[in-house]
Amino acid sequence: MKKTILVTGGTGFIGNCFCKLLLQERPEWKVINIDVCTYAANPHTIDEELKNPNYVFYKEDIRDRKKMDEIFAKERPNIVVNFAAESHVDRSIKNPTIFLETNILGTAVLMDCSRKYGVERYHQVGTDEVYGDLPLDRKDLFFTESTPIHTSSPYSTSKASADLLALAYHRTYGLPVTVSRCSNNYGPYQFPEKLIPLMIAKATNNEKLPVYGQGLNVRDWLYVEDHCRGILAVLEKGKVGEVYNLGGHNEKANIDIVKIILKELGKGEELISYVADRHGHDQRYAIDPHKANVELDWDPITRFEVGIKKTIAWYQSDLGKKWLAECIESEQEWLKANYENRD
Ligand SMILES: NC(=O)c1ccc[n+]([C@@H]2O[C@H](COP(=O)([O-])OP(=O)(O)OC[C@H]3O[C@@H](n4cnc5c(N)ncnc54)[C@H](O)[C@@H]3O)[C@@H](O)[C@H]2O)c1
């Protein structure tokens, strides 16, 4: 059936992958991308999508109520999926305010428009970081949807606030809301401030690879396309008012990820440089995706061993190299200040 789906943050890492998936697998749908294009969005990310007649791009800010109202009035979306966010923990520690503005107030604007124009579904893209962290020595513990919210950083707090607001809009106003909370994603087109692309970029240039603390923090890695398939499954099979955890039971310590990348690129471990730890650094994230497995029939398809090879190969391709260089060029100052000469 023909639908109009409005995706915010569709020029970012996961939002773009989601648009690609929709254009490929729901070719009868119209896909609207609203993205203000912060530092995290390389405009060339959407070069291919812009050629598709079913794809429309608005370079606008989700905090701009008037503009959002105009777009909703014009496009009359059936479905809204909100990826737009400030997404980097380190930046939230330096400047929390923009995180509160975009991640909480921007979400409220989108939900007000969704109410006004009667969307069939508003989906909030969330993170497992809202659950806080788990101890490294309790491998038996996992985050379920009923794990209490217990945030550590301004980023995770802003994301938790957005989730709670979305669920409140469902209960108070009857807005048909769903929420998904996903573990760490990896794949092509991820901005090189995040662990995997940062390490690939540094290793490729034979630069030091800055690893926080001892690199023992554990993350649960999911290939970005699997996350996007999970969100589509929530839209098509999920129940309104519910939260779904998406994760792949693929826990890895940061240092092991770094070593895998070095090995894949044929570089030595002497490039590793241990740097002062992040403030309030969460120890371990681990998702229990049982509810999504059973209720949505969703399971990740891409094994980590395959996904990481595909990812590294993309960043090593001509397109990936060019894309990475453009990102690094535009954010020289931040990347230098944060990831060079740390001790
Ligand atoms: N990356 C992960 O591992 C991960 C895991 C779980 C959940 N998430 C969530 O998924 C979503 C997408 O994450 P990502 O990794 O693709 O982030 P990203 O930083 O790559 O992309 C975010 C996009 O949002 C856009 N944006 C930011 N502020 C905006 C505003 N005010 N108006 C319009 N657009 C704006 C940016 O320009 C960018 O294109 C986020 O909500 C994030 O919290 C990410």
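As shown above, the structure is provided for reference.
Here is a short report on the structure shown in this document. The structure presented is a predicted model; accordingly, all values stated were derived computationally and were not measured. (Residues numbered from 1 in each chain as written. Predicted model: local features only at pLDDT ≥ 70, side-chain atom pairs only at ≥ 80, totals over all residues.)

### Observations regarding the nonpolar core
Taken as a class, soluble globular proteins show a tendency for nonpolar side chains to be buried jointly.
Logical step 1: In terms of nonpolar packing, the biggest core is built from 83 residues, with Val7, Phe18, Val81 and Met199 touching the most fellow members.
Logical step 2: Among the elements that line this core, the one with the most residues is helix 6 (residues 195–204), at seven residues.
Logical step 3: If near-sequence neighbours (up to four positions away) are discounted, Val7 is found in contact with Gly15, Phe18, Cys19, Val31, Ile32, Asn33, Val81 and Phe83. (Core = buried A, V, L, I, M, F, W, Y, C linked by C-beta atoms within 7 Å. Buried ≥ 20, exposed ≤ 12 C-beta atoms within 10 Å, placed from the backbone. Helix = DSSP H or I, 4+ residues; strand = E, 2+ residues; numbered from the N terminus. Contact = placed C-beta atoms within 7 Å.)

### A word on the packing of helix 1 (residues 13–25) against helix 7 (residues 224–237)
Logical step 1: The interhelical angle for the contact between helix 1 and helix 7, taken along N-to-C directions, is 65°, at an axis separation of 9 Å. Every pair of crossing elements has a handedness; the one defined by helix 1 and helix 7 is right-handed. Across the interface between the two elements, Phe13, Ile14, Cys17, Phe18 and Leu21 from helix 1 touch Val224, Glu225, His227, Cys228, Arg229, Ile231 and Leu232 from helix 7.
Logical step 2: Partitioning the contact of helix 1 with helix 7 into residue classes produces nine nonpolar, one polar and two charged. (Axes fitted to C-alpha atoms, helices over the stretch in contact; angles between N-to-C directions. Left-handed = near helix turned anticlockwise from the far one by under 90°. Nonpolar A, V, L, I, M, F, W, Y, C, P; charged D, E, K, R; others polar.)

### As for helix 1
Logical step 1: Taking 1.5 Å of rise per residue, 13 residues should cover 18 Å, and helix 1 covers 19 Å from first to last C-alpha, within 8% of that figure.
Logical step 2: Residues Phe13, Ile14, Gly15, Asn16, Cys17, Phe18, Cys19, Lys20 and Leu22 constitute the buried set of helix 1. (Expected span 1.5 Å × (residues − 1).)

### A word on the sheet that holds strand 4 (residues 79–82)
Logical step 1: Read across the open sheet, the seven strands follow the order 3-2-1-4-5-6-10; overall the sheet is parallel. Either end of the sheet is taken by a strand with one partner, and the two such strands are strand 3 (55–58) and strand 10 (243–246). Mean inter-strand twist for the sheet, computed between neighbouring axes without regard to direction, equals 20°.
Logical step 2: Bridge count between strand 1 (residues 4–8) and strand 4: four bridges; the pairing is parallel. (Pairing = 2+ DSSP bridges.)

### Focus: the environment of Arg181
Logical step 1: One can find Arg181 in strand 6 (residues 177–182).
Logical step 2: The spacing of Arg181 and Trp221 is 40 residues in sequence and 13 Å in space, taken between C-alpha atoms.
Logical step 3: Apart from the residues within four sequence positions on either side, Arg181 is in contact with Gly126, Thr127, Asp128, Val130, Val243 and Asn245.

### Some words on the packing of helix 10 (residues 304–316) against helix 11 (residues 318–330)
Logical step 1: Their axes nearest at 4 Å, the elements helix 10 and helix 11 cross at an angle of 75°. Taken together, the axes of helix 10 and helix 11 lie roughly perpendicular to each other. Across the interface between the two elements, Trp314, Tyr315 and Gln316 from helix 10 touch Gly320, Lys321 and Leu324 from helix 11.
Logical step 2: Its residues placed into classes, the contact of helix 10 with helix 11 shows three nonpolar, two polar and one charged. (Parallel < 35°, antiparallel > 145°, perpendicular 65-115°, else oblique.)

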